[in-house]
Amino acid sequence: MVFGRERIEYKTPDQVRLMRRAGLVVAETLATVRAAARPGLTTADLDAIAARTIEAAGATPSFLGYQGFPAVICTSVNDEVIHGIPGSRVLAVGDLVSVDCGAIVDGWHGDSAVSFVLGAEGALDHRLPDDELVAAGADLADIALVRATETAMWAGIASLASARRLNAVGEAVETAVELAGELTGAEYGIVEEYVGHGIGSAMHQPPDVHNYRTSGSGPRLRSGMCLAIEPMISRGGGETRVLADDWTVVTTDGSRAAHWEHSTAITEDGIVVLTAVDGGAERLADFGVRPVALA
């Protein structure tokens, strides 16, 4: 690995491949948790499922014990934005659930998050027709938020394929959120107190990756940079506060929030989404970007 002036860790191709292995463990864990989520389960039940999946893959959880965090995943429900601690909370139909997961393979980290609305039979696919989602117990405003946040994440990731400076990510994310608001008539708030980050031999590294426009241009994008892109969007304002557990971040106005995240690598040949099973191919195609395939 090589460090630049801002202490950004630039990975070799072999190190990116190791991060891909960690990313696939995270992808499998999130898919398993999402498939298992049901009304009546507790968030601790989801944490146990994640722990078993990561252990079975021969990986180590990134979150457990990190600065004292007591669980394997973060489970944030409704007005909880991020860092929700799994526990006795019972999930119900209509809950908006965000699950954040990290795993380590051979010292290298993967980090990703998904959001979904819970229906009577489990997590709902927000790509389904609206009438089917309503019939399953979803609030369409929550579905629109999940869609908007995911699209904003992919817009930020896609910007890495052609941008020269890191500020392009925040520009792309905020533009996508604004467009989603115009299309739906909603007013979304971007959480600015928490941002994406570099990732590699540690879970959180420089540089910060903003989810909004900034006055500075940020560091130059170059091969070997690995970045976690993670917009956090609410149905109200972007202001937050931390609960008494010193972890759980909630919206100040009580509005519901969604959180999506993927770890992405910039290589000499282009970008690859390390925590997406297909490397990001399906969604990046919507932005005219073709991810590279790792050998």
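As a convention, each chain's residues are numbered from 1 in the sequence order in which they are written. Side-chain atom pairs in this predicted model are given and counted only at pLDDT of 80 or more, local residue features only at pLDDT of at least 70, and totals for whole chains, interfaces and linings cover all residues. As a convention, hydrogens and water are excluded, and side-chain values are obtained from all of the structure's heavy atoms.

Trainee: Teacher, can you tell me more about the overall build of the chain here?
Mentor: Looking only at helices and strands, the chain has six helices and 18 strands in total. On C-alpha atoms alone, the chain measures out to a radius of gyration of 18 Å, which is about the 19 Å that the 2.2 N^0.38 rule sets for 295 residues. On the principal axes, the C-alpha backbone points of the chain span a range of 50 × 45 × 35 Å. Whether two residues touch is decided by their heavy atoms; if any such pair falls within 4.5 Å, the residues are in contact. Contacts spanning at least 24 positions in sequence make up 66% of the contacts within the chain whose residues lie at least 6 apart. Accessible surface area values rest on a Shrake-Rupley calculation with a 1.4 Å probe, where residue burial reflects the displayed protein chains alone. Accessible surface computed for the chain: about 12,300 Å², of which carbon and sulfur atoms make up 51%. Positive and negative side-chain charges in the chain, numbering 22 and 40 respectively, have mean positions lying 7 Å apart. We count a stretch as a helix when DSSP gives it H or I for four or more residues in a row; a strand needs E for two or more, and each element gets its number in order from the N terminus. As defined in this context, the radius of gyration uses C-alpha atoms, and a globule is described by 2.2 Å times the residue total to the power 0.38. Lys and Arg are tallied as positive, Asp and Glu as negative. Neither His nor the chain termini are counted. A single reference atom marks each charge: NZ on Lys, CZ on Arg, CG on Asp, CD on Glu.

Trainee: Whenever I open this one, the packing of aromatic side chains confuses me. Can you help?
Mentor: What describes a pair of aromatic rings is the distance from one ring centre to the other and the angle between the planes of the rings. Aromatic rings from Phe, Tyr and Trp, with only the six-membered ring used for Trp, were paired whenever their centres fell within 6.5 Å, and each pair was classed as stacked if the ring planes differed by under 30 degrees, edge-to-face if by over 60, and tilted otherwise. Under the counting rule described, the total for this entry stands at one aromatic pair. Ring plane angle 80° and centroid distance 5.0 Å describe the contact between F69 and W247, whose orientation is recorded as edge-to-face. Of this pair, F69 sits in the loop between β3 (60-61) and β4 (73-77) while W247 sits in the loop between β14 (240-242) and β15 (249-251), placing them 178 residues apart in sequence. Per residue, the accessibility class of F69 equals that of W247, and both read buried. The positively charged end of R222 is found above the aromatic ring belonging to Y10, 3.7 Å away from the centroid. Burial here depends on accessible area, computed with a 1.4 Å probe over protein chains only, as a share of the maximum for the residue type. Under 20% is buried, over 50% is exposed, and the range in between is partly exposed. Put simply, a charge is over a ring when the Lys NZ or the Arg CZ is close to the ring centre, within 6 Å, and near the line of the ring normal, within 35 degrees.

Trainee: Please clarify how the environment of A138 should be interpreted in this entry.
Mentor: Inspection of the secondary structure puts A138 in the loop between α3 (130-135) and α4 (140-159). For A138, a relative accessible area of 9% corresponds to the buried category. Residues A138 and V93, spaced 45 residues apart in sequence, show a C-alpha to C-alpha distance of 7.7 Å. Not counting residues within four places of it along the chain, the set of residues in contact with A138 comprises V117, L124, L133 and I143.

Trainee: Whenever I open this one, the sheet that holds β15 confuses me. Can you help?
Mentor: The strands making up a sheet are joined through hydrogen bonds of the backbone, oriented either antiparallel or parallel. An order of β5-β15-β14 is seen for the three strands of this open sheet, with the pairing classed as antiparallel. In this open sheet, the two strands that pair with only one neighbour each are β5 (80-82) and β14. For this sheet, the mean angle separating the axes of adjacent strands, direction not counted, is 40°. Pairing between β5 and β15: two bridges, direction antiparallel. Here a strand pair is declared whenever DSSP counts at least two bridges between the two strands. Angles shown run from 0 to 180 degrees and are taken between the N-to-C directions of axes, each axis being a line fitted to C-alpha atoms and, for helices, limited to the stretch in contact.

Trainee: Help me out: how do you make sense of the packing of α4 against helix α5 (residues 167-184) in this one?
Mentor: A packed helix pair is summarised by two numbers, namely the angle formed by the two axes and the spacing between the axes. Between α4 and α5, the shortest axis-to-axis distance is 8 Å and the interhelical angle comes to 150°. Compared by their axis directions, α4 and α5 come out roughly antiparallel. In the crossing of α4 with α5, the sense of the turn from one axis to the other is right-handed. Of α5, the residues touching α4 (which contributes A144, A148, A152, A155, G156 and S159) are A168, V169, A172, V173, A176, V177, A180 and T184. All amino acids are sorted into three groups, where Ala, Val, Leu, Ile, Met, Phe, Trp, Tyr, Cys and Pro are nonpolar, Asp, Glu, Lys and Arg are charged, and the leftover types, Gly among them, are polar. Considered class by class, the residues forming the contact of α4 with α5 number 11 nonpolar, three polar and no charged. Note that the term roughly parallel is reserved for angles under 35 degrees, roughly antiparallel for angles over 145, roughly perpendicular for angles of 65 to 115, and oblique for everything else. In this scheme, a crossing is called left-handed if the near helix is turned counterclockwise away from the far one by less than a right angle; it is called right-handed if the turn is clockwise.

Trainee: Where do I start with the pairing of strand β7 (residues 108-119) in this structure?
Mentor: Sheet faces and side chains relate simply in a regular strand, where the side chains alternate between the two faces. By the criterion of burial, β7 is predominantly enclosed, with 12 of the 12 residues buried. Because side chains alternate across β7, one face comprises the buried residues W108, G110, S112, V114, F116 and L118, and the other comprises H109, D111, A113, S115, V117 and G119, equally buried. Of the strand pairs in this sheet, strand β6 (residues 96-105) and β7 are connected by 10 bridges, and their pairing is antiparallel. Along β7, the bridge assignment pairs I104 with H109. Count of turn residues in the β6/β7 antiparallel hairpin: two residues, of which D106 carries a positive phi of about 50°. In terms of strand pairing, β7 meets strand β8 (residues 122-123) through two bridges, oriented antiparallel. Along β8, the bridge assignment pairs G119 with G122. Turn length for the β7-β8 hairpin, with the two strands adjacent in sequence and antiparallel, is two residues.

Trainee: Would you take a moment to explain a negative patch on the surface for this structure?
Mentor: A cluster of like negative charges, contributed by E192, E193, E239 and D253, occupies part of the molecular surface. Among the structural elements, D253 can be located in the loop between β15 and β16 (257-259). For D253, a relative accessible area of 47% gives the class partly exposed. Any residue with relative accessible area above 30% and no salt bridge may belong to a patch, with like charges joined within 9 Å and the nonpolar Val, Leu, Ile, Met, Phe, Trp and Tyr side chains within 5 Å. We define a salt bridge as a contact between a side-chain nitrogen of Lys or Arg and a carboxyl oxygen of Asp or Glu at a distance within 4 Å.

Trainee: For this particular structure, what's the right way to read α4?
Mentor: Along an α-helix, residues three or four apart share an orientation, since each turn contains 3.6 residues. Taking 1.5 Å as the rise per residue, α4 with 20 residues should run 28 Å; its terminal C-alpha atoms sit 28 Å apart, in good agreement. By the criterion of burial, α4 is predominantly enclosed, with 16 of the 20 residues buried. Under this definition, polar contacts are N or O atom pairs within 3.5 Å; protein pairs additionally need one hydrogen-donor-capable and one acceptor-capable atom, and for neighbouring residues in sequence, both atoms have to be side-chain atoms. Where α4 begins, the side chain of D139 points an oxygen toward the backbone nitrogen of A141, at a separation of 2.8 Å. To estimate how far a helix should reach, multiply one less than its number of residues by 1.5 Å.

Trainee: What exactly am I supposed to notice about the pattern of salt bridges here?
Mentor: Here the idea is simple: oppositely charged side chains can pair when their charged atoms come close. Within this structure, the stated rule accounts for 15 salt bridges. One salt bridge in this structure joins R89 and E80, with 3.2 Å as the shortest N-O distance. Residue class for R89 comes out partly exposed when judged on its relative accessible area of 34%. Overall, the relative accessible area of 12% leaves E80 in the buried class. R283 is paired through a salt bridge with D286; the nearest N and O atoms lie 3.2 Å apart. Taking the relative accessible area as the measure of exposure, D286 reaches 56% and is therefore exposed.

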